[in-house]
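If you want the building blocks of each chain, they are given just below.
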Amino acid sequence: MIPTLPEQLVDAEEQILISLTNCFNKSSSHLISVNILFEGLKLQPIALRLSKKLASLNIKCNIVWPDAGAAALAKRDAPEISQNIKTYKDFIDTENLELEELLVIAVSPQPYDYEEFVNLCSKVHGKIIMLNGKLDDSNVGIGSVARERRKQFTSKWLNTYWLEPLTRGALIHVYPSNWILYKCTLEGYIHVDTFHEKPNSEEIFESFMK
């Protein structure tokens, strides 16, 4: 079945939950990525709603944030789960954390968070959902060895959901389906191509030109 483009954010969040549930049931991967690539999108409400939806399925999780300010705002807006909201650093410093089986939602790690985020991942024996992570920024001034190490780390992540608006269409992936490319036409969005893996910009351009 070909995934359809969501009309609203609530529809995308429902697709995310479906993709994660499929992943939990069908994959042994513990490094999971979710990406909704809309400019200006606020991730805090999405992360909190996702946590609550997982809780309704009896899946308790921690939500971790890169900085104290974001974590404080999340605790303010969701006081009922404040004990499960931490910064990356506080999460890493939690004693005996390595002995626990956890599900962690890590919100938006950036290239400058890389070392701390890798440390965080090494402490979790359960599953980690990376929400809108961006760790392999080519603009970061690092050597080729460090860049290759980052590339190897990011390649370990299994994408369960991807929604990206494009200049001429949109790209969507809902695990375990293929990657689906839609083209924007006068009649609306139409399916133009299917990929087993995430297509690069050249492949997308060629599909649009068909």
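Structure: above.
What comes next is a walk through the structure. (Residues numbered from 1 in each chain as written. Predicted model: local features only at pLDDT ≥ 70, side-chain atom pairs only at ≥ 80, totals over all residues. Heavy atoms only, no water.)

Before going further, it helps to spend a moment on the overall build of the protein. A tally of regular secondary structure across the protein gives seven helices and nine strands. With the C-alpha coordinates aligned to their principal axes, the bounding extent of the protein is approximately 55 × 45 × 35 Å. Long-range contacts, defined here as pairs at least 24 residues apart, represent 60% of the contacts in the protein between residues at least 6 apart. Within the structure as shown, the protein displays about 11,600 Å² of accessible surface, and the carbon and sulfur contribution to it stands at 52%. If the 22 positive side-chain charges of the protein are averaged to one point and the 27 negative ones to another, these points end up 1 Å apart. (Helix = DSSP H or I, 4+ residues; strand = E, 2+ residues; numbered from the N terminus. Contact = heavy atoms within 4.5 Å. Areas by Shrake-Rupley, 256 points an atom, 1.4 Å probe, with all protein chains shown as cover. Lys, Arg positive; Asp, Glu negative; His and termini not counted. Charge placed at Lys NZ, Arg CZ, Asp CG, Glu CD.)

Let's shift gears to the nonpolar core. In this structure, Leu-54, Ile-63, Trp-65, Ile-85, Ile-105 and Tyr-161 are the most contacted members of the largest nonpolar core, which totals 35 residues. Sorting elements by how many residues they give to this core places helix α2 (residues 43–56) first, with six residues. Those residues in contact with Ile-105 that lie beyond four places of it in its chain are Ala-47, Leu-50, Ser-51, Leu-54, Cys-61, Asn-62, Ile-63, Val-64 and Ile-129. (Core = buried A, V, L, I, M, F, W, Y, C linked by side-chain atoms within 4.5 Å. Buried < 20%, exposed > 50% of the residue type's maximum accessible area, 1.4 Å probe, protein only.)

A full pass over the atoms with the stated rule returns seven salt bridges. Across the pair Lys-89 and Asp-93 runs a salt bridge whose closest N-O atoms are separated by 2.9 Å. Taken together, the residues Lys-89 and Asp-93, both in helix α4 (residues 88–93) and four residues apart, mark about one turn of the helix. Given the relative accessible area of 46%, Asp-93 is considered partly exposed. When the shortest N-O distance is used, the salt bridge between Lys-210 and Asp-193 registers 3.1 Å. Within this pair, whereas Lys-210 is found in the segment after α7 (201–209), its partner Asp-193 is found in strand β9 (residues 188–195), the two being separated by 17 residues in sequence. By sharing partners, the salt bridges in this structure join Glu-13, Arg-49 and Lys-53 into a single network. (Salt bridge = Lys/Arg side-chain N within 4 Å of Asp/Glu carboxyl O.)

Attention now moves to helix α5 (residues 114–123). Of the residues making up α5, those classed as buried are Tyr-114, Phe-117, Leu-120, Cys-121 and Lys-123. Buried residues along α5 sit against β2 (61–65), α4, β4 (103–107), β5 (127–131) and α6 (144–154).

A word on the pairing of strand β6 (residues 158–165). Across five bridges, strand β1 (residues 31–36) lies against β6 in parallel orientation. In the strand pairing of β6, Asn-35 is matched with Trp-162. Sheet analysis places β6 next to strand β7 (residues 169–174), joined by five bridges and oriented antiparallel. Within β7, the position partnered with Leu-163 by the bridge is Ile-172. (Pairing = 2+ DSSP bridges.)

In the structure shown here, the tally under the stated rule is six aromatic pairs. Between the aromatic rings of Phe-117 and Trp-157, the centroid separation amounts to 5.8 Å while the plane-to-plane angle is 20°, which identifies the pairing as stacked. Of this pair, Phe-117 sits in helix α5 while Trp-157 is found in the loop between α6 and β6, placing the two residues 40 residues apart along the sequence. Taking the relative accessible area as the measure of exposure, Trp-157 reaches 10% and is therefore buried. (Phe/Tyr/Trp six-rings, centres within 6.5 Å; stacked < 30°, edge-to-face > 60°.)

What follows is about a negative patch on the surface. On the surface, Glu-197, Glu-202, Glu-203 and Glu-206 cluster together to form a negatively charged patch. Glu-203 sits in the partly exposed class, given a relative accessible area of 33%. (Patch = residues over 30% accessible without salt bridge, like charges linked within 9 Å, V, L, I, M, F, W, Y side chains within 5 Å.)

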